[in-house]
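# Overview (structure and organization)
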Amino acid sequence: METKIIKVTHVTGTYIIEVPNGALNDMKTQLDKCLNDEQGAIVVKGEDGDQFVYPSDFLKNSFISIVDRE
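Here's what I pulled together on the structure shown here. What you see is a predicted model; the values in this text were computed from it and never measured. Counting starts from 1 at the beginning of each chain's written sequence and moves along it residue by residue. Predicted model: local features are reported for residues with pLDDT of at least 70 only, side-chain atom pairs are reported and counted for 80 or more only, and whole-chain, interface and lining totals are derived from all residues. As a rule here, side-chain values cover all heavy atoms of the structure and leave hydrogens and water aside.

### What about the overall build of the chain?
What counts, and what does not: To qualify as a helix, a DSSP run of H or I must reach at least 4 residues; to qualify as a strand, a run of E must reach at least 2; elements of each kind are numbered from the N terminus. Here the globule rule is a power law, 2.2 Å times the number of residues to the power 0.38, and the radius of gyration is based on C-alpha atoms. In this scheme, a residue with accessible area under 20% of its type's maximum is buried, one over 50% is exposed, and one in between is partly exposed, where area comes from a 1.4 Å probe on protein chains only. Residue contacts are defined here by distance: any two heavy atoms, one from each residue, within 4.5 Å place the two residues in contact. Here the open area of atoms and residues is found with the Shrake-Rupley method and a 1.4 Å probe, where only the protein chains shown may cover a residue.
When helices and strands are tallied, the chain shows 2 helices and 5 strands. Starting at the N terminus and ending at the C terminus, the chain contains elements arranged as β-β-α-β-β-α-β. Taking 11 Å as the expected radius of gyration for a compact globule of 70 residues, we find that the chain reaches 12 Å, a close match to that expectation. Overall, the chain is about 30 × 25 × 25 Å in size when its C-alpha atoms are taken along their principal axes. For the chain, the proportion of its 70 residues judged to be buried stands at 27%. The long-range share in the chain, meaning contacts at least 24 apart out of those at least 6 apart in sequence, stands at 48%. For the chain, the accessible area works out to roughly 4,900 Å², and carbon and sulfur atoms hold 47% of it.

Laid out in structure tokens, this is it:
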């Protein structure tokens, strides 16, 4: 089974959201909720304990694709 990443392309650049193994459906659900104004943002914790916040308005103005990790 290939691991997936979510690639978010915005006018400010391209951002990669790492999807933990087995969490693809959860991430898809969170994306849907953000795009439907049911959730304010997606918060992802990095390996070093850093937090990355992707607000719903940012996601709505982006091209989002789910691809295999290279």
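### Description of the pattern of salt bridges
Note the following rule: Throughout this description, the term salt bridge denotes a Lys or Arg side-chain nitrogen within 4 Å of a carboxyl oxygen of Asp or Glu.
The full count for this structure, using the stated rule, is 3 salt bridges. Among the ionic pairs, D37 bridges to K60, the shortest N-O distance being 2.2 Å. With D37 in the loop between α1 (24–35) and β3 (41–45) and K60 in helix α2 (residues 56–60), this pair connects stretches of sequence that are 23 residues apart. Taking the relative accessible area as the measure of exposure, K60 reaches 34% and is therefore partly exposed.

### Side note on the environment of M27
Its place among the elements puts M27 in helix α1. Judged by relative accessible area, M27 falls into the buried class, the value being 7%. Each C-alpha atom of the pair M27 and D68 lies 15 Å from the other, and the pair is 41 residues apart in sequence. In contact with M27, other than residues within four places in its own chain, are I6, I17, V19, I42 and V44.

### What about the side chain of S65?
Note on placement: S65 falls in strand β5 (residues 63–68). For S65, a relative accessible area of 19% puts it in the buried group. Contacts of S65, omitting those with residues within four sequence positions, involve I5, I6 and K7.

### Re unusual backbone geometry
Glycine aside, residues mostly have negative phi, and peptide bonds are mostly found in the trans state. Of note, the phi angle at D37 is positive, near 60 degrees, even though the residue is not glycine. A relative accessible area of 56% means that D37 is categorised as exposed.

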